[in-house]
Amino acid sequence: MEQKRYFMKGNEALAEAAIRAGCRSFFGYPITPQTEVAAYMAKRMPEVGGVYLQAESEIAAANMVLGAAAAGARTMTSSSSPGISLKSEAISYMAGCDLPCLIVNVQRAGPGLGGIQPAQSDYFQATRANGHGDFHILVFAPDGVQEIVDLVAHAYDTADKYRMPAMILADGMLGQMMEPVVFHEKEQRELPPKPWAASGHKNKRQHNIINSLVLKPAELEQQNIARFERYQQVQQQEVLAEEYLLEDAEIIVVAFGASARIAKTAVHAAREQGIRVGLIRPITLWPFPSNLIAKAAEHAKAFLSVEMNMGQMVEDVRLAVGGRCPVRFYGRAGGMVPEPDEITAVIAELEREVR
Amino acid sequence: MAFQFVFAGFGGQGVLFAGKVTANTGLIDGKQVTWLPSYGPEMRGGTANCSVCLSEEPIGCPMVMHPDVLVAMNGPSYDRFAETVRPGGLILADSTLVQCDEQDHRIRPIPATRLAADNGLEGLANILLLGRMLRLTGFTTYESMKQSIRNCVPASKAYLLEANFKAFEIGFQYQ
Amino acid sequence: MAVFEKTSGLTDQVTHYCPGCTHGIIHRLVAETLEELSVLGDTVGVASVGCSVMSYDYFSCDMVQAPHGRAPAVATGIKRVLGPQSVVFTYQGDGDLAAIGTAETVHAAARGENITLIFVNNAIYGMTGGQMAPTTLPGQVTQTTPRGRDIRTAGFPIRICEMLATLDGVAYAERVAVNTVANIRKAKQAVQKAFTAQTEGKGFTIVEILSTCPTNWGLTPAESLQWVQENMIPHYPLGVFCDRTEKGVY
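All of these numbers come straight from a predicted model, not from anything done at the bench.

K.L.:
Let's hear about the overall build of chain B: which residues, and what values?
P.N.:
Helix and strand counts for chain B come out as six helices and six strands. Element order for chain B, N to C, with α for helix and β for strand: β-α-β-β-β-α-β-β-α-α-α-α. For a compact globule of 175 residues, the expected C-alpha radius of gyration is about 16 Å, and chain B comes in at 15 Å, within 12% of that figure. If you line up chain B on its principal axes, its C-alpha atoms span 40 × 40 × 35 Å. The buried share of chain B, taken over its 175 residues, is 57%. Long-range contacts, defined as pairs at least 24 residues apart, comprise 59% of the intrachain contacts of chain B with a sequence gap of at least 6. Counting only carbon and sulfur atoms, one obtains 52% of the accessible surface of chain B, whose full area is about 7500 Å². Placing the 14 positive and 16 negative side-chain charges of chain B at their respective mean positions leaves the two points 4 Å apart.

In structure tokens:
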């Protein structure tokens, strides 16, 4: 059956997808370029009997998500870069409390107040340090409105499965652009039971405690080790990446999100010049598709990481390539977006170099 | 066949809406579509623009660097984007507001703002330009375009639908 | 014959509070109230950061431990998703509620969030070892005001109940103390009133409870109770500052 195609902004499609994935509470705060998420939720949540709340700050919004997640709800907040910094306190606590939730970062350029144009300069923050302490969160990087929609439900399910926060890492371009989108409905979405939740014990069980304070070092170490064993499973089972024209590729571009889309156009143009170039597009940034890149490095002559920042993911590419061939970086920063021609030129130059 | 458009003008002239109507025809025609707006403070009273791609194939970069069609609704937009237009491309300029370079053979001037005002269709110069654009490019069918206008005019402004059609028709019939 | 029993609102865990600290009394007042209202099974408590952080081990209802100052935001999230049948309270000290969490406190109150804040004010930071609190009295010596709180450099103490009483979302704001038997009885009534108002959906409720910190005040437990009477109550007058429990705030 032909499913209905809607024409929607990334931000709005994301919000609708969350509702269809069973999210019934949204806690937000306005910030460009993600405000449409909040605006859409303000309109839609009451229609489905859900909660929309505009908090007094990003800090409060993230902590409301902590509360809602602790009570067992499928919940979310969204923001853009400076707001995510404010949310990192709660993100760390939620990781420490093993609480699943969805955090959306529609990135803009930084540091500081930065600009409001699209960027990917929160890669490190998202994959390395979304708060203090030893922890990871799931990071999904869609490259278009349809994939935003498809990843939202998947992010929730994966977050529930491993009891950890998940992030959709988009950017101003993906949030603001409109594309046709189909909502692939699950027949009947049943959310998993959360027997650990603090939702009132109804005098039927022991009291549940959601907590990240562990004062005995040996105990906390054990907790962290157990959490990292779970992370290892995530790394083994949850990696997503797109492989594009890799079969005969000598040069492999690695790019995610909006820059991957632009790089795809550049790869096409370079192919027309006879350059054997392909693209690896990490869809999960954590877990990172290191094995896929390591395998590709056995045959490739060079890698090129294309990002909208000063060079962040390139470090993960280098780690995965492990010195088997050169790894170059091309990026634009500050809200500047690379044009396909620029990338094609860099590919051509790299090809001449390693030929 | 792929078509790439840039719509540009002052905030409030409806360039983003014109882009949406154009993009929506892709939905009707079963094509791949992207619509990418400029955003931020420049929209308020400043310049606004959007890129629209229509294609049978999946669309990579949604930014339009070299449009097949530029719709320029004010001077600054014309100055900024005219030279990016692909060789063989077209520039539809609202000649009420744009000082057109008469030597430029790509230009198709139409005094859209004045025509709209003369017909009691203030604020619909953008739709008038769409009518002209369709006639000159044939990027979609007349029916798809009218359906798209119907889809895009919000329910709260349904009373403006007939005026939109009228503006579209004036642009379409303009010689 | 009636036997005085431990309330089922508290677990059997031995508390870590210092001798003479009145946290234990306040815990009991809250726990008893929840038991008497038969809402323990529907209650989620939010522990804050400070001496009372481990209250999650002491209350027998479900508990969530919040980041420093964020308890009212966490409680908001819980209450909003569990709905009006739930009872949600925070248990916060003065540093948590009136310094780092001021925004969360004020805005939960402004929203008329249907939660109850138990605000334990002892005019000092206990957990970290006796530093100045937002409620430290002028001239009061602490580790970080070694010459006494100088209002010209360290500012003035905040009267939370008076401040919150100006907000339309507050259904009930009362300040009580637990330094005498009579005051403890009044405190219990205030806690009952606040939680009852919450179960009736009346709006935001807060009970500020003047408490002691013998360890960091450098006083004996008995002297501490006297210090509350002589120094704190004059600066923080007891009483009801706002009561909209009749009609509710909405």
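Structure's up, so let's keep going.
K.L.:
Please give an account of the interface of chain C and chain A that cites residues and values.
P.N.:
Contacts between the two partners involve 34 residues from chain C, matched on the other side by 36 residues from chain A. At the boundary of chain C with chain A, total buried surface from both sides reaches about 2500 Å², with 61% on carbon and sulfur atoms. Our count for the chain C to chain A interface comes out at four salt bridges. The partner of C:Asp62 in a salt bridge is A:Arg205, and the shortest N-O contact between them spans 2.8 Å. Inspection of the region where chain C meets chain A yields 16 residue pairs in polar contact (both at pLDDT 80 or more). Mapped by element, the contributors of at least two residues to the side of chain C that touches chain A are strand E1 (43-47), helix H2 (55-58), strand E2 (62-65), helix H3 (71-82) and helix H5 (102-110) of chain C.

K.L.:
Any details on the nonpolar core? Residues and values, ideally.
P.N.:
Counting 157 residues, the largest nonpolar core has A:Met76, A:Val253, A:Phe303 and A:Ile347 as the members making the most contacts within it. There are two domains that each give this core at least three residues, and those are domain 1 (5-200 + 209-237) and domain 2 (242-354) of chain A. With 44 residues, the next largest nonpolar core counts B:Phe5, B:Val21, B:Cys152 and B:Phe165 among its residues.

K.L.:
So what about the environment of A:Pro180? Which residues, and what values?
P.N.:
Topologically, A:Pro180 is positioned in strand E8 (residues 178-182). C-alpha separation for the pair A:Pro180 and A:Arg44, spaced 136 residues apart in sequence, amounts to 20 Å. With residues up to four places along the chain from it excluded, the contact list for A:Pro180 reads A:Arg5, A:Tyr6, A:Phe7, A:Gln146, B:Leu27 and B:Val33.

K.L.:
Quick one: what's the story with the domain arrangement of chain A, residue by residue and with numbers?
P.N.:
Residues and elements named next belong to chain A. In terms of domains, chain A is made up of domain 1 (5-200 + 209-237) and domain 2 (242-354). Between the C-alpha centres of domain 1 and domain 2 there is a distance of 27 Å. Of the residues lining the interface, 32 residues belong to domain 1; the matching set on domain 2 comes to 28 residues. The contact between domain 1 and domain 2 buries some 2400 Å² in all, and 59% of this surface belongs to carbon and sulfur atoms. Of all residues in domain 1, Gln120, Tyr123 and Asp143 bury the most surface against domain 2, accounting for 31% of the area lost on that side. At the junction of domain 1 and domain 2, the tally comes to four salt bridges.

K.L.:
An account of the environment of C:Val39 is requested, with residue identities and associated values reported.
P.N.:
All names here are of chain C. Mapped onto the fold, Val39 is located in the loop between helix H1 (23-36) and E1. Measuring from C-alpha to C-alpha, the distance between Val39 and Gly155 comes to 41 Å, with 116 residues separating the pair along the chain. Leave out the neighbours within four places in its chain, and Val39 touches Leu34, Val87 and Thr199.

K.L.:
Provide a residue-level description of the sheet that holds strand E12 (residues 277-282) of chain A, including the pertinent values.
P.N.:
Residue and element names in this part refer to chain A. The strand order across the open sheet formed by five strands is E10-E12-E11-E14-E15, and the pairing between neighbours is mixed. Looking at strand neighbours, the two that pair on one side only are strand E10 (241-244) and strand E15 (327-331), the edges of this open sheet. Neighbour-to-neighbour, the strand axes of the sheet open up by a mean angle of 20 degrees, direction not taken into account. Bridging between strand E11 (residues 251-254) and E12 involves four bridges; their strand directions are parallel. The residue of E12 that forms the bridge with Ile252 is Gly278.

K.L.:
Could you give an account of the interface of chain A and chain B, with specific residues and numbers?
P.N.:
Counting residues at the interface gives 24 residues for chain A and 23 residues for chain B. Among the residues of chain A in contact with chain B, A:Arg5, A:Phe7 and A:Met178 are the three that bury the most area, contributing 32% of the side total. Counting every contact that joins chain A to chain B gives zero salt bridges. Our count for the chain A to chain B interface comes out at eight residue pairs in polar contact (both at pLDDT 80 or more). For the side of chain A that touches chain B, the elements supplying multiple residues, two or more each, are strand E1 (5-9), helix H7 (172-176), E8, helix H9 (257-272) and helix H12 (340-354) of chain A. By residue class, the composition of the side of chain A that touches chain B is 13 nonpolar, five polar and six charged.

K.L.:
Tell me about unusual backbone geometry, residues and numbers included.
P.N.:
The amide bond that connects A:Gly110 to the next residue, A:Pro111, takes the cis arrangement and shows omega of 5 degrees. Relative to the assigned elements, A:Pro111 resides in the loop between strand E5 (101-107) and helix H5 (123-127). Although it is not a glycine, A:Arg163 sits at a positive phi angle of roughly 50 degrees. On the accessibility criterion, A:Arg163 (24% relative accessible area) is partly exposed. Backbone geometry places C:Ser38, a non-glycine residue, at a positive phi of 55 degrees.

K.L.:
Quick one: what's the story with the environment of A:Arg163, residue by residue and with numbers?
P.N.:
Residues and elements named next belong to chain A. Counting through the fold element by element, Arg163 comes out in the loop between helix H6 (145-162) and strand E7 (165-171). Taking the C-alpha atoms as reference, Arg163 lies 9.3 Å from Arg230; in sequence the two are 67 residues apart. Excluding anything up to four places from it in sequence, Arg163 contacts Cys97, Asp98, Leu99, Pro100, Trp196 and Arg230.

K.L.:
Tell me about the state of the cysteines, residues and numbers included.
P.N.:
Counting across every chain of the model gives zero disulfides over all chains. No disulfide involves B:Cys53; its sulfur sits 7.3 Å from the nearest other cysteine sulfur, which is in B:Cys61.

K.L.:
Explain the sheet that holds strand E2 (residues 25-28) of chain A residue by residue, including any values.
P.N.:
Residue and element names in this part refer to chain A. The strand order across the open sheet built from seven strands is E3-E2-E4-E5-E7-E6-E13, with neighbouring strands paired in mixed fashion. Each edge of the open sheet carries a strand with a single partner, namely strand E3 (51-54) and strand E13 (284-286). Across the sheet, the axes of successive neighbouring strands diverge by a mean angle of 20 degrees, strand direction being ignored. Inspection of the sheet shows strand E6 (residues 138-140) paired to E7 by three bridges, in the parallel sense.

K.L.:
So, the packing of aromatic side chains: which residues are in play, and what are the values?
P.N.:
In this description, an aromatic ring pair is defined by two values, namely the gap between the centres and the angle between the planes. In this structure the tally under the stated criterion is 18 aromatic pairs over all chains. In this structure an aromatic cluster arises from ring pairing among B:Phe3, B:Phe5, B:Phe7 and B:Phe139. Positioned above the aromatic ring of A:Tyr6, the side-chain terminus of A:Lys4 is 5.0 Å from the ring centre. Just above the ring of B:Phe165 sits the side chain of B:Lys146; from NZ or CZ to the centre is 4.5 Å.

K.L.:
Kindly report on the pattern of salt bridges, identifying the contributing residues and their values.
P.N.:
A side chain of one charge can pair with a side chain of the opposite charge if their charged atoms are brought near each other. Residues and elements named next belong to chain A. All told, the structure shown has 41 salt bridges over all chains when counted by the stated rule. Here Arg230 and Asp98 are joined by a salt bridge, their closest N and O atoms 3.0 Å apart. Here Arg230, found in helix H8 (residues 217-237), pairs with Asp98, found in the loop between helix H4 (81-96) and E5; they are 132 residues apart in sequence, far enough to count as distant. With a closest N to O distance of 2.8 Å, Glu179 and Arg261 form a salt bridge. In this pair, Glu179 is assigned in strand E8 and Arg261 in helix H9, connecting sequence segments 82 residues apart. Arg261 matches Glu179 in its accessibility class, with the two residues each being buried. Residues joined by salt bridges that share partners form a network here, namely Asp143, Glu147, Glu242, Lys264 and Arg281.

K.L.:
Explain the packing of helix H1 (residues 10-20) of chain A against H6(A) to me, and be specific about the residues and the numbers.
P.N.:
A pair of packed helices is captured by two measures, namely the crossing angle of their axes and the spacing between those axes. Residues and elements named next belong to chain A. Following both chains from N to C, one finds H1 and H6 inclined at 30 degrees, their axes separated by 9 Å at the closest point. Relative to H6, H1 is oriented roughly parallel. For H1 against H6, the interelement crossing comes out right-handed. From H1, Gly10, Ala13, Leu14, Ala17 and Ala18 reach across to H6, where they touch Val145, Ile148, Val149, Val152 and Tyr156. By residue class, the composition of the contact of H1 with H6 is nine nonpolar, one polar and no charged.

Rules used throughout
Residues numbered from 1 in each chain as written. Chains lettered and ligands numbered in written order. Predicted model: local features only at pLDDT ≥ 70, side-chain atom pairs only at ≥ 80, totals over all residues. Heavy atoms only, no water. Helix = DSSP H or I, 4+ residues; strand = E, 2+ residues; numbered from the N terminus. Rg over C-alpha atoms; globule rule 2.2 N^0.38 Å. Buried < 20%, exposed > 50% of the residue type's maximum accessible area, 1.4 Å probe, protein only. Contact = heavy atoms within 4.5 Å. Areas by Shrake-Rupley, 256 points an atom, 1.4 Å probe, with all protein chains shown as cover. Lys, Arg positive; Asp, Glu negative; His and termini not counted. Charge placed at Lys NZ, Arg CZ, Asp CG, Glu CD. Buried area = accessible area lost by both parts, 1.4 Å probe. Salt bridge = Lys/Arg side-chain N within 4 Å of Asp/Glu carboxyl O. Polar contact = N/O pair within 3.5 Å; in protein donor to acceptor, adjacent residues only side chain to side chain. Core = buried A, V, L, I, M, F, W, Y, C linked by side-chain atoms within 4.5 Å. Domains from an automatic or database assignment. Pairing = 2+ DSSP bridges. Axes fitted to C-alpha atoms, helices over the stretch in contact; angles between N-to-C directions. Nonpolar A, V, L, I, M, F, W, Y, C, P; charged D, E, K, R; others polar. Disulfide = S-S within 2.5 Å. Phe/Tyr/Trp six-rings, centres within 6.5 Å; stacked < 30°, edge-to-face > 60°. Lys NZ or Arg CZ within 6 Å of the ring centre and 35° of its normal. Parallel < 35°, antiparallel > 145°, perpendicular 65-115°, else oblique. Left-handed = near helix turned anticlockwise from the far one by under 90°.

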